[in-house]
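One letter stands for each residue in the lines below.
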Amino acid sequence: MTEVDPAQVEAAAVEQHVRRWLERAVIGLNLCPFAKSVYQKAQVRIVVSDASTERALLEQLGEELALLRDTPAEQVDTTLLVHPQVLQDFLDYNDFLDDADALVEAMDLAGELQVASFHPDYQFADTEPDDAGNLTNRAPYPVLHLLREASIDRAVAAYPQPDAIIARNIATMQDLGLDGFRKLLSD
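These numbers were taken from a predicted model, which means no experiment stands behind them. (Residues numbered from 1 in each chain as written. Predicted model: local features only at pLDDT ≥ 70, side-chain atom pairs only at ≥ 80, totals over all residues. Heavy atoms only, no water.)

Helix and strand counts for the protein come out as six helices and four strands. Overall, the protein shows an N-to-C arrangement of helices and strands of α-α-β-α-β-α-β-β-α-α. Seen through its principal axes, the protein has C-alpha atoms that stretch 45 × 40 × 35 Å. A fraction of 74% describes how many contacts in the protein between residues 6 or more apart in sequence connect residues 24 or more apart. Here the protein has roughly 10400 Å² of accessible surface; of this, 49% comes from carbon and sulfur atoms. Within the protein, one finds 14 positive and 33 negative side-chain charges whose respective centroids are separated by 10 Å. (Helix = DSSP H or I, 4+ residues; strand = E, 2+ residues; numbered from the N terminus. Contact = heavy atoms within 4.5 Å. Areas by Shrake-Rupley, 256 points an atom, 1.4 Å probe, with all protein chains shown as cover. Lys, Arg positive; Asp, Glu negative; His and termini not counted. Charge placed at Lys NZ, Arg CZ, Asp CG, Glu CD.)

Turning to helix 4 (residues 90-106), a few remarks are in order. Between its first and last C-alpha atoms helix 4 spans 24 Å; for 17 residues at 1.5 Å apiece the expected length is 24 Å, and the two agree. When helix 4 is considered as a whole, its buried residues turn out to be Phe90, Tyr93, Phe96, Leu97, Ala100, Leu103 and Val104. Buried residues along helix 4 sit against helix 3 (54-70), strand 3 (113-118) and strand 4 (143-148). Put simply, aspartate 89 is the residue that caps the front of helix 4, since its side-chain oxygen is 3.1 Å from the backbone nitrogen of leucine 91. Where helix 4 terminates, the next one or two residues include aspartate 108, which has phi positive at roughly 60 degrees. (Expected span 1.5 Å × (residues − 1). Buried < 20%, exposed > 50% of the residue type's maximum accessible area, 1.4 Å probe, protein only. Polar contact = N/O pair within 3.5 Å; in protein donor to acceptor, adjacent residues only side chain to side chain.)

Okay, the packing of aromatic side chains next. Summed over all chains, the structure comprises four aromatic pairs. Judged by centre distance (4.9 Å) and plane angle (65 degrees), the ring pair of tyrosine 122 and phenylalanine 124 falls under edge-to-face. The class for tyrosine 122 is buried, based on a relative accessible area of 10%. Through a chain of ring-to-ring contacts, three or more aromatic side chains come together here, namely Phe90, Tyr93, Tyr122 and Phe124. (Phe/Tyr/Trp six-rings, centres within 6.5 Å; stacked < 30°, edge-to-face > 60°.)

Turning our eyes to something else, we now look at the layout of surface pockets. The volume enclosed by the largest pocket comes to roughly 1100 Å³. At the level of secondary structure, the elements contributing two or more residues to the lining of the largest pocket comprise helix 1 (6-27), helix 2 (35-40), strand 2 (78-82), strand 3, strand 4, helix 5 (149-158) and helix 6 (164-185). Per element, the largest residue contribution to the lining of the largest pocket is five residues, and it comes from helix 5. (1 Å grid on protein atoms, 1.4 Å probe; cavity = no way out; pocket = protein on both sides within 12 Å on 5 of 7 lines; lining within 4 Å. Points joined across faces, edges and corners; volume = space filled by probe spheres on them.)

Here threonine 79 is to be found in strand 2. With a relative accessible area of 0%, threonine 79 lands in the buried category. When neighbours within four sequence positions are excluded, threonine 79 is seen to be in contact with Arg45, Val47, Glu64, Leu68, Leu144, His145 and Leu146.

Another aspect to go through is the nonpolar core. Ranked by size, the top nonpolar core spans 26 residues in total, and within it Val18, Trp21, Leu22, Ile46, Leu80, Val82 and Phe181 carry the most contacts. When contributions to this core are tallied by element, the ones reaching two or more residues are helix 1, helix 2, strand 1 (44-48), strand 2, strand 3, strand 4 and helix 6. In terms of residue count, the dominant contributor to this core is helix 1 (seven residues). Excluding residues within four positions of it along the chain, valine 18 makes contact with Ile46, Leu80, Val82, Pro140 and Tyr141. Listed in part, the 23 residues of the second largest apolar core include Val76, Leu97, Val104 and Leu109. (Core = buried A, V, L, I, M, F, W, Y, C linked by side-chain atoms within 4.5 Å.)

So, on to the side chain of asparagine 137. Position of asparagine 137 among the secondary structure elements: in the loop between strand 3 and strand 4. The exposure class assigned to asparagine 137 is buried, which follows from its relative accessible area of 15%.

Direction vectors running N to C along helix 3 and helix 4 enclose 35 degrees, while the axes themselves pass 10 Å from each other. Here helix 3 runs over helix 4; the crossing is right-handed. Together, Glu54, Leu57, Leu58, Leu61, Gly62 and Leu65 of helix 3 and Phe96, Asp99, Ala100, Leu103 and Val104 of helix 4 make up the contact between the two elements. Its residues assigned to classes, the contact of helix 3 with helix 4 shows eight nonpolar, one polar and two charged. (Axes fitted to C-alpha atoms, helices over the stretch in contact; angles between N-to-C directions. Left-handed = near helix turned anticlockwise from the far one by under 90°. Nonpolar A, V, L, I, M, F, W, Y, C, P; charged D, E, K, R; others polar.)

As far as function goes, none of this settles anything; it's purely spatial.
Set out below in structure tokens:
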């Protein structure tokens, strides 16, 4: 009988939760009107990190940025680097985003790639923790979303009134509420 690696089982469960969030919230609620197409084309890479330190996560982020840089968009348009073992505290996570942006700069990828952020406790500045608007950037685990700027530019150019997306998303989340959001993501 073949032994099952517990880390692989855990990574598979984490990926399943992230896919549920993508399918039900991000795509299902149309929070990102650009996500459905690349997801259906299997151009979204989901990587569940085994990093347990910020340094290890930063190294893995560098590897993923290089992979995205070196891979045609038709194969991988965007990457979700999910890191369930590190940066669980939102303030630490938020501070780490400066390191992520510095790495993009150091790799000479500014203007080509960017890092967007999602976290289970995401909180925009000047909001209360339970503000429904925060739900727009909440995910089941901390996630660094690596995006191609050219893909963003094309999507925004093709979308009528892209500036209305944020206000629409906040209204959607206010209607749904925290309990509704939790229920949406439950099994």
